[in-house]
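Chain by chain, the residues run as shown.
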Amino acid sequence: MSTELLPCPCCNGKAETSDGGFGPIDAMPMFNLFFVGCTDCGLLVAAKTLEQAIAACNRRFVCLDKNGKKVFAGDKVKYTPQGQARQHMESYRCNVTEFRAPCYGYGLCGENDFTCCSFYSSEIELIESDGE
Ligand SMILES: [Zn+2]
């Protein structure tokens, strides 16, 4: 997973790590945590490693699955095609990479020969999330 820090997920402001100038946090070493914060809206994300803090801050909510659960970019979902697509493939797992509101997205598949797929949110079910 990339450790490049994206802009704040709440306000799109400038996000910084605690060792990159996010000042006040450096004065609280007793937490023994790494922080990523937004210099505009004050969002603060903490984790045990810097990589985890960055990954958490970089997470983006992309859609609701068929059960109404939040799916983030990078989450694994079970894709169960409907309609004509069902005749060509069994259900399989994929990694959500992109979703275009309100209901259509793309994923990368890891467990078989499909390299990508497209789906409607009503066709996917969250099976593994990085967090929450
Ligand atoms: Zn912000």
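In the block above lies the structure referred to throughout.
Read on for a plain summary of the structure. (Residues numbered from 1 in each chain as written. Predicted model: local features only at pLDDT ≥ 70, side-chain atom pairs only at ≥ 80, totals over all residues.)

It is worth spelling out the overall build of the chain at this point. For the chain, the helix and strand inventory stands at one helix and 10 strands. Taken from N to C terminus, the helices and strands of the chain fall in the order β-β-β-α-β-β-β-β-β-β-β. Residues classed as buried in the chain amount to 22% of the 132 residues present. (Helix = DSSP H or I, 4+ residues; strand = E, 2+ residues; numbered from the N terminus. Buried ≥ 20, exposed ≤ 12 C-beta atoms within 10 Å, placed from the backbone.)

Quick look at the pairing of strand β3 (residues 44-47) now. Note: strand β2 (residues 34-38) against β3, four bridges, orientation antiparallel. Within the sheet, the bridge partner assigned to Gly37 lies in β3 and is Leu44. In textbook terms, the turn of a hairpin is the stretch between consecutive antiparallel strands, and for β2 and β3 this stretch comprises five residues, one of which, Gly42, has a positive phi near 90 degrees. (Pairing = 2+ DSSP bridges.)

Within the largest apolar cluster, 11 residues are counted, these being Cys63, Val71, Val77, Tyr79, Cys94, Val96, Phe99, Cys117, Phe119, Ile124 and Leu126. For this core, the secondary-structure elements that each account for two or more residues are β6 (76-79), β7 (92-100), β9 (117-120) and β10 (124-128). No other element matches the three residues that β7 contributes to this core. Contacts of Phe119, omitting those with residues within four sequence positions, involve Tyr79, Gly105, Gly107 and Ile124. Core analysis: the next-biggest nonpolar cluster, separate from the first, contains 10 residues, Ala15, Val45, Ile54 and Cys57 among them. (Core = buried A, V, L, I, M, F, W, Y, C linked by C-beta atoms within 7 Å. Contact = placed C-beta atoms within 7 Å.)

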